[in-house]
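The lines below spell out each chain.
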Amino acid sequence: MSDVFERVKKIVVENLDVEADKVTESASFIDDLGADSLDLVELVMAFEEEFNIEIPDDVQENIRTVGDAVTHIKAHVS
Amino acid sequence: MFDLSGRTALVTGASGGIGSAIAKALSEAGAKVALSGTREGVLEEVRAGLPGEGFVVTANLSDAESVNSLVGRAEEAAGSPLDILVANAGITRDKLLMQMKPEDFDDVMNVNLGSYYRLTKSVVRGMMKRRHGRIIGITSIVGVTGNPGQANYCASKAGMIGFTKAFAQEVASRGITANCIAPGFIESPMTDVLPDSQKEALLGQIPSGKLGQGSDIAAAAVYLASSEAAYVTGQTLHVNGGMAMI
């Protein structure tokens with residue numbers, strides 16, 4: 001499970017085309033990493049595929065930082 | 001121009017006059033076409049008449065579950081993801097507003113506009129990933145001009161136009177276009193039975209002096225589905241013989 005953050009980081013770097021060291025737990029996708037709302041939808045789609053989970057719409061709305069994503073993914077991956 | 005080889009399309013309402021003409025034209029342009037509707041026998045006939053590969057996937061658009069599963073079933077039947085969605089299915093429950101029951105309004109909105117929302121939502125995910133997609137909503141001239149006795153139908157068709165404009169803006173950066181085609185009066189079994197006097201009055205309102213054909217609408221659909229139309233999005237293409245110039 002410890003690699004969840006690293007896997008999330010890799011996806012974020014690829015999708016948003018940002019420097020890896022900017023992708024910290026506290027980084028906000030929109031405010032710090034330059035994502036728009038559609039980028040965020042695509043990121044969630046990529047997370048769903050990477051971890052083979054389904055992230056419900058109401059949970060997606062609460063994912064604002066990299067840490068939020070990691071927390072939700074950890075909660076959903078068995 | 002307008003080569004759709006390698007593309008896969010889903011056409012709803014494909015058993016009707018306009019829907020079957022669209023399916024045929026997409027097929028002629030090289031696309032694989034999944035045909036959806038409620039009348040399986042008629043759909044099979046349409047499929048048999050296609051020059052290319054075709055698949056029948058029945059759906060009842062008044063049933064949300066049936067609509068939600070339609071895209072998946074179409075992709076499974078075709079063996080490839082959908083590049084083109086033509087939302088053509090629609091119903092009418094014509095009545096003066098004074099006589100229009102709540103269910104007359106709700107049913108028309110649900111089938112015509114609600115299914116457009118559901119189909120678009122279920123198809124867009126794959127299109128976003130592939131950075132390509134074509135959504136084509138078949139609306140109607142009356143969605144823009146209004147028509148007495150069709151407040152529900154006009155609302156649903158105007159709704160499709162607004163929906164398309166919003167959605168088109170959301171996904172334009174991902175290579176997906178969304179447009180509407182607004183047919184005027186198209187020759188069909190419905191217009192065939194009109195009395196001559198009514199037909200003449202109708203033709204008097206159409207500058208080109210004749211009813212449209214399903215193939216006129218189909219040609220517009222092939223264009224909007226093509227790579228050449230990549231820079232056209234959020235538009236409503238009026239195909240009506242000049243009956244309304246908007």
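Going along each chain's sequence as written, the residues are numbered from 1 onward. Whichever chain is written first is A, and whichever ligand is written first is 1; the rest continue in order. In keeping with the predicted nature of the model, local features appear solely for residues at pLDDT of at least 70, side-chain atom pairs appear and are counted solely at 80 or more, and the whole-chain, interface and lining totals rest on all residues. Excluded from the side-chain calculation are hydrogens and water; included are all heavy atoms of the structure.

## What to know about the overall build of chain A
Here is step 1 of the chain: Helix and strand counts for chain A stand at four helices and zero strands.
Here is step 2 of the chain: Helix and strand definitions follow DSSP, with helices as H or I runs of at least four residues and strands as E runs of at least two, each counted in order from the N terminus. In chain A, the succession of helices and strands from N to C terminus is α-α-α-α.
Here is step 3 of the chain: Radius of gyration here is computed from C-alpha atoms only, and the compact-globule reference equals 2.2 Å multiplied by the residue count raised to the power 0.38. Its C-alpha atoms give chain A a radius of gyration of 11 Å, within 12% of the compact-globule value 12 Å for 78 residues.
Here is step 4 of the chain: Oriented by its inertia axes, the alpha-carbon framework of chain A measures out at about 30 × 25 × 20 Å.
Here is step 5 of the chain: Whether two residues are in contact is decided by their heavy atoms, any of which lying within 4.5 Å being enough. Within chain A, contacts between residues separated by at least 24 positions form 49% of all contacts whose residues are at least 6 apart in sequence.
Here is step 6 of the chain: Throughout, the Shrake-Rupley method with a 1.4 Å probe supplies accessible areas, and for residues the shown protein chains are the sole cover considered. For chain A, the computed accessible surface area is about 4500 Å², with 44% contributed by carbon and sulfur atoms.
Here is step 7 of the chain: Think of it this way: Lys and Arg go in the positive column, Asp and Glu in the negative one, and His and the chain ends go nowhere. By convention, the point assigned to a charge is CZ for Arg, NZ for Lys, CD for Glu and CG for Asp. Positive and negative side-chain charges of chain A, numbering 6 and 20 respectively, have mean locations separated by a distance of 7 Å.

## With respect to the pairing of strand β1 (residues 8-11) of chain B
Residues and elements named next belong to chain B.
Here is step 1 of the chain: Summary of the burial criterion: residues with accessible area below 20% of their type's maximum are buried, those above 50% are exposed, and those between are partly exposed, where the area comes from a 1.4 Å probe applied to protein chains only. Side chains Thr-8 and Leu-10 of β1 all project onto a buried face; the interleaved residues Ala-9 and Val-11 project onto the opposite face, where all are buried too.
Here is step 2 of the chain: When DSSP finds two or more bridges between a pair of strands, those strands are recorded as paired. As paired strands, β1 and strand β2 (residues 32-37) are joined by four bridges and run parallel to one another. The residue bridging Leu-10 from the neighbouring strand is Ala-34, located in β2.
Here is step 3 of the chain: If the strands point away from the viewer and the path from the first strand over the helix to the second runs clockwise, then the crossover is right-handed. Taken together, β1, helix α1 (residues 17-28) and β2 constitute a β-α-β crossover, and its handedness is right-handed.
Here is step 4 of the chain: As judged from the three bridges shared by β1 and strand β4 (residues 84-87), these two strands associate in the parallel manner. The partner of Ala-9 across the bridge, within β4, is Ile-84.

## Section: the UniProt feature "active site" (unreviewed entry) in chain B
Residues and elements named next belong to chain B.
Here is step 1 of the chain: Under the local residue numbering, the UniProt record ascribes the feature "active site" (unreviewed entry) to Tyr-153.
Here is step 2 of the chain: Inspection of the secondary structure assignment puts Tyr-153 in helix α6 (residues 151-171).
Here is step 3 of the chain: With near-sequence residues (within four places) excluded, Tyr-153 lies in contact with Ile-91, Thr-92, Val-108, Asn-112, Ser-140 and Val-142. UniProt positions are given in the numbering used here, feature names are shortened, and annotations may be inferred rather than shown by experiment.

## Some details on the pattern of salt bridges
Here is step 1 of the chain: What counts as a salt bridge is simple: a side-chain nitrogen of Lys or Arg found within 4 Å of a carboxyl oxygen of Asp or Glu. Scanning the entire structure with this criterion turns up 12 salt bridges over all chains.
Here is step 2 of the chain: The salt bridge partner of A:Glu42 is B:Arg131, with a shortest N-O separation of 2.5 Å. One end of the pair, A:Glu42, is in helix α2 (residues 37-51); the other, B:Arg131, is in the loop between α4 (102-130) and β5 (133-138), on a second chain.
Here is step 3 of the chain: Among the residues examined, A:Glu42 registers a relative accessible area of 9% and is labelled buried.
Here is step 4 of the chain: Across the pair B:Glu28 and B:Lys24 runs a salt bridge, and its minimum N-O distance is 3.4 Å. Of this pair, B:Glu28 and B:Lys24 both sit in helix α1, separated by four residues, roughly a single helical turn.
Here is step 5 of the chain: Look at B:Glu28 and you get exposed, because its relative accessible area is 53%.
Here is step 6 of the chain: Looking at B:Lys24, the relative accessible area reads 42%, which means it is partly exposed.
Here is step 7 of the chain: It is possible to trace a salt-bridge network through shared partners that takes in A:Asp39, A:Glu42, B:Arg131 and B:Arg174.

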